[in-house]
Amino acid sequence: MKIREKGYAMTELLVAISIFGLVSMSAMLVIYQILHRNEYNTSYMTSVRQVDNAGFWIGRDTQMAHSVIADNLTLPDFLLLSWTEWDAGGDPTYHSVRYFFEDMTSNMGKLKRYHWSSDGISEQTMLAQNIFYDSDNETYTSTATYEDPMLAVRLTSFCNDIVESREYKIIRRPNY
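Bear in mind the structure is a predicted one, so any value in this text is a computation, not a measurement.

**Things to note about unusual backbone geometry**
Residue Leu 75 is joined to Pro 76 through a cis peptide bond whose omega torsion reads 15 degrees. Structurally, the position occupied by Pro 76 is in the loop between strand S1 (67-69) and strand S2 (77-86). Note the cis peptide between Asp 148 and Pro 149, where omega equals 5 degrees. Relative to the helices and strands, Pro 149 is located in the loop between strand S6 (143-147) and strand S7 (150-159). Positioned with a positive phi, Asn 72 is a non-glycine residue whose angle comes to about 60 degrees. Summarising the element assignment, Asn 72 is placed in the loop between S1 and S2. Located in the positive-phi region is Ser 106, a residue other than glycine, with phi close to 55 degrees. Here Ser 106 shows up in the loop between strand S3 (92-105) and strand S4 (108-117). Exposure remark for Ser 106: the relative accessible area of 69% places this residue in the exposed category.

Given below as structure tokens:
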């Protein structure tokens with residue numbers, strides 16, 4: 001620019017606008033990636049938590065069980081467990097737990113736990129949503145098989161196109 005001229009030359013303006021455009025576009029891409037990755041991570045963690053919660057309860061109940069029925073069950077039943085608890089006076093309390101699917105749509109449903117005991121407990125708990133069950137899909141379907149003393153359970157959860165499948169091998173306590 002000459003001493004008496006005011007303003008910027010056209011090339012200076014074009015260079016400044018180009019640089020500003022590149023920086024703005026880069027910032028928008030970074031923000032998009034952060035937001036998209038956050039959505040992916042949220043879906044992934046939701047799937048993991050669903051599967052882990054169900055796996056925890058199944059493992060806990062199986063370790064106490066005297067009787068495990070996992071094979072040849074029909075929907076909505078997924079797993080049946082029972083055990084006897086003895087108090088200090090030698091009196092028995094009988095327990096049974098039924099894991100079952102509810103609200104199945106498009107092979108997806110809620111996995112619930114119903115616990116009954118002879119001392120008056122009768123409670124139902126929702127363990128996981130979006131659990132996949134399709135007997136024709138051996139790759140992803142949730143399954144439970146029992147071969148004394150081990151219960152093998154595979155649980156699969158779908159959440160916003162994220163698939164999480166985990167396998168649990170639980171050894172029940174010995175019967176005395």
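Next comes the rest of the description.
**A closer look at the nonpolar core**
Grouped together as the largest cluster of nonpolar side chains are 25 residues, with contacts concentrated most on Ile 58, Phe 78, Leu 79, Tyr 99, Leu 111, Leu 151 and Leu 155. In terms of residue count, S2 provides more of this core than any other element does, four residues in total.

About the criteria used
Per chain, the residues get numbers from 1 upward, laid out in the order the sequence is written. At least 70 in pLDDT is required for a residue's local features to be given in this predicted model, at least 80 for side-chain atom pairs to be given and counted, and no such filter applies to totals for whole chains, interfaces and linings, which use all residues. Side-chain descriptors were evaluated using all non-hydrogen atoms of the structure, hydrogens and water having been removed beforehand. The helix count covers DSSP runs of H or I at least four residues long, the strand count covers runs of E at least two residues long, and both are numbered beginning at the N terminus. Only protein chains enter the area calculation, which uses a 1.4 Å probe; residues under 20% of their type maximum are buried, those over 50% are exposed, and those in between are partly exposed. For this analysis, a nonpolar core means a set of buried residues of the types Ala, Val, Leu, Ile, Met, Phe, Trp, Tyr and Cys, connected via side-chain atoms within 4.5 Å.

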